[in-house]
Amino acid sequence: MRIFWQSFIDATASAAYMERLSDYLNGIAEPGTTVDVFGISPPDRHFGRLAEFRCAAIAIDNGLEAASRGYDAVVIGHFQDPGLYELKSALTIPVIGAGEVCMHYAARLGRCMALVTLDDVFQVWHYEQADLYGLGSRVKHVAGLNCEPSDFSAAFAGDDAARSRMLANFIACAEPLVRDGADVVVPAGVLPGLLVGGEYGFKVLHAPVVNTAAVALKSAEMDVRLQKINGIEVSRGPFCALANEGAIEDFRGFVAKGRQAPLFPA
């Protein structure tokens, strides 16, 4: 099994994280499974809807290319899941959104979920996600660490003091949410998810903390296996009708070449 993992981080600027993520995913993968991690350049660095939209277009194009090269599944390793449904409509192999699968997994562990995201700017986005996935009544708290992806670099490069500091920041952010009624904590991002993933049985007070990287990978492996067993895939009715070749060709041409005709004459 070959899994294409699309991160929204720059592979060069965040090399320590990308290496750590690749090693971790391949270390926990089932025998015979390989995970190839790819970044985006420029990365999702200007937090907001427009940056997410740009990265989504690249991720969709990359997913189409991955499928053409024989990958068995594509993981959008970015919790906000931009472009998730569009990519599901373009591919016949499983497409996994880290946010979608981790929120549904967390719903099995507790009634009320708390999401700890990188920045407060994503709060509204995560509440919208929860509504979209039918979990709006279960996500009661979203709080931001208010840090940059680069803040994790030292921790992933082996700096124990930096790792301890980032874990302490995560706990400090999550504890008030648990005291206010959250049963389970979800790191709303693979960056913080990978950070806590190295802590066995990690909890904030009584609340288990979901390992977003592991859940996303294991969901991908499961979906590939189930598809091979009985051919199941996403609904091809109005939800995610399969895009035709013309739509895919137009999309890939747009990503590769941009706007072909100017809106206004020169």
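Everything numeric here is computed off the predicted structure, so don't read it as measured data.

**Structural notes on the overall build of the protein chain**
Part 1 of the reasoning: For the protein chain, the count of helices and strands is 10 helices and 9 strands.
Part 2 of the reasoning: For a compact globule of 266 residues, the expected C-alpha radius of gyration is about 18 Å, and the protein chain comes in at 18 Å, within 12% of that figure.
Part 3 of the reasoning: Expressed as lengths along the three principal axes of its C-alpha atoms, the size of the protein chain is roughly 55 × 50 × 35 Å.
Part 4 of the reasoning: Contacts in the protein chain between residues at least 24 apart in sequence constitute 72% of all its contacts with a sequence separation of at least 6.
Part 5 of the reasoning: Carbon together with sulfur atoms contributes 55% to the accessible area of the protein chain, which is approximately 12600 Å² in total.
Part 6 of the reasoning: Distance between charge centroids for the protein chain: 3 Å, based on 22 positive and 31 negative side chains.

**Looking at the sheet that holds strand β5 (residues 113-117)**
Part 1 of the reasoning: The 3 strands lie next to each other as β6-β5-β7, forming an open sheet whose pairing is parallel. Taken across any chain shown, the strands that pair with only one partner, and hence form the sheet edges, are β6 (139-144) and β7 (184-188). Neighbour-to-neighbour, the strand axes of this sheet turn through a mean angle of 25°, independent of strand direction.
Part 2 of the reasoning: Where β5 and β6 come together, 5 bridges link them in parallel fashion. Looking at β6, one finds that T117 is bridged to G144.
Part 3 of the reasoning: Seen against the sheet, helix α4 (residues 98-107) touches β5, β6 and β7 and runs at an angle of roughly 145° to β5.
Part 4 of the reasoning: Where helix α5 (residues 123-132) meets the sheet, it contacts β5, β6 and β7, and its direction lies at approximately 155° from that of β6.

**Describing the nonpolar core**
Part 1 of the reasoning: Counting residues in each nonpolar core, the largest one holds 86 residues, and the members touching the most others are W5 and F170.
Part 2 of the reasoning: Residue contacts for F170: discarding those within four places in its chain leaves V116, L145, V185, P187, P192, V196, F202, V204 and V209.

**Brief notes about empty space enclosed by the protein**
Empty space left among the atoms is revealed by rolling a probe the size of a water molecule over them.
Part 1 of the reasoning: For the structure shown, the criterion picks out 1 cavity of 30 Å³ or more.
Part 2 of the reasoning: Volume-wise, the largest cavity comes out at about 180 Å³.
Part 3 of the reasoning: Lining the largest cavity are 19 residues, with I9, H78, L118, G189 and L191 positioned closest to its centre.
Part 4 of the reasoning: By residue number, the principal contributor to the lining of the largest cavity is helix α8 (residues 190-197), which donates 3 residues.

**A look at the packing of helix α1 (residues 15-28) against helix α9 (residues 212-230)**
Part 1 of the reasoning: Direction vectors running N to C along α1 and α9 enclose 50°, while the axes themselves pass 10 Å from each other. Of the possible angle classes, the one that applies to α1 and α9 is oblique. α1 and α9 meet at a crossing whose hand is right-handed. Residues L21, Y24, L25 and I28 of α1 form the contact with α9, whose participating residues are A213, A214, L217 and K218.
Part 2 of the reasoning: A per-class count over the contact of α1 with α9 returns 7 nonpolar, no polar and 1 charged.

**Some points on helix α7 (residues 160-179)**
Part 1 of the reasoning: Between its first and last C-alpha atoms α7 spans 28 Å; for 20 residues at 1.5 Å apiece the expected length is 28 Å, and the two agree.
Part 2 of the reasoning: All of the buried residues in α7 are A162, R163, M166, L167, F170, C173, A174, L177 and V178.
Part 3 of the reasoning: Between the side-chain oxygen at the start of α7 and the backbone nitrogen of A161 there is a gap of 3.0 Å, and the oxygen is on D159.
Part 4 of the reasoning: Positive backbone phi, at 120°, marks G181, one or two positions downstream of α7.

**Brief notes about the pattern of salt bridges**
Part 1 of the reasoning: Considering all chains together, one arrives at 10 salt bridges under this definition.
Part 2 of the reasoning: When the shortest N-O distance is used, the salt bridge between E221 and K218 registers 3.0 Å. Residue E221 and its partner K218 are both found in helix α9; the two are separated by 3 residues, about one turn of the helix.
Part 3 of the reasoning: Each of the salt bridges in this network shares a partner with another, and the network as a whole consists of D61, E65, R69 and R252.

**Brief notes about the packing of α1 against α8**
Part 1 of the reasoning: Relative orientation of the contacting elements α1 and α8 amounts to 60°, with a least axis distance of 11 Å. By the angle class used here, α1 and α8 are oblique. Note on packing geometry: the crossing formed by α1 with α8 is left-handed. Mapping the contact onto sequence places Y17, R20, L21 and Y24 in α1 and V190, L191, L194 and G197 in α8.
Part 2 of the reasoning: Split by residue class, the contact of α1 with α8 holds 6 nonpolar, 1 polar and 1 charged.

What counts and how
Residues numbered from 1 in each chain as written. Predicted model: local features only at pLDDT ≥ 70, side-chain atom pairs only at ≥ 80, totals over all residues. Heavy atoms only, no water. Helix = DSSP H or I, 4+ residues; strand = E, 2+ residues; numbered from the N terminus. Rg over C-alpha atoms; globule rule 2.2 N^0.38 Å. Contact = heavy atoms within 4.5 Å. Areas by Shrake-Rupley, 256 points an atom, 1.4 Å probe, with all protein chains shown as cover. Lys, Arg positive; Asp, Glu negative; His and termini not counted. Charge placed at Lys NZ, Arg CZ, Asp CG, Glu CD. Pairing = 2+ DSSP bridges. Axes fitted to C-alpha atoms, helices over the stretch in contact; angles between N-to-C directions. Core = buried A, V, L, I, M, F, W, Y, C linked by side-chain atoms within 4.5 Å. Buried < 20%, exposed > 50% of the residue type's maximum accessible area, 1.4 Å probe, protein only. 1 Å grid on protein atoms, 1.4 Å probe; cavity = no way out; pocket = protein on both sides within 12 Å on 5 of 7 lines; lining within 4 Å. Points joined across faces, edges and corners; volume = space filled by probe spheres on them. Parallel < 35°, antiparallel > 145°, perpendicular 65-115°, else oblique. Left-handed = near helix turned anticlockwise from the far one by under 90°. Nonpolar A, V, L, I, M, F, W, Y, C, P; charged D, E, K, R; others polar. Expected span 1.5 Å × (residues − 1). Polar contact = N/O pair within 3.5 Å; in protein donor to acceptor, adjacent residues only side chain to side chain. Salt bridge = Lys/Arg side-chain N within 4 Å of Asp/Glu carboxyl O.

These figures capture arrangement, not role.
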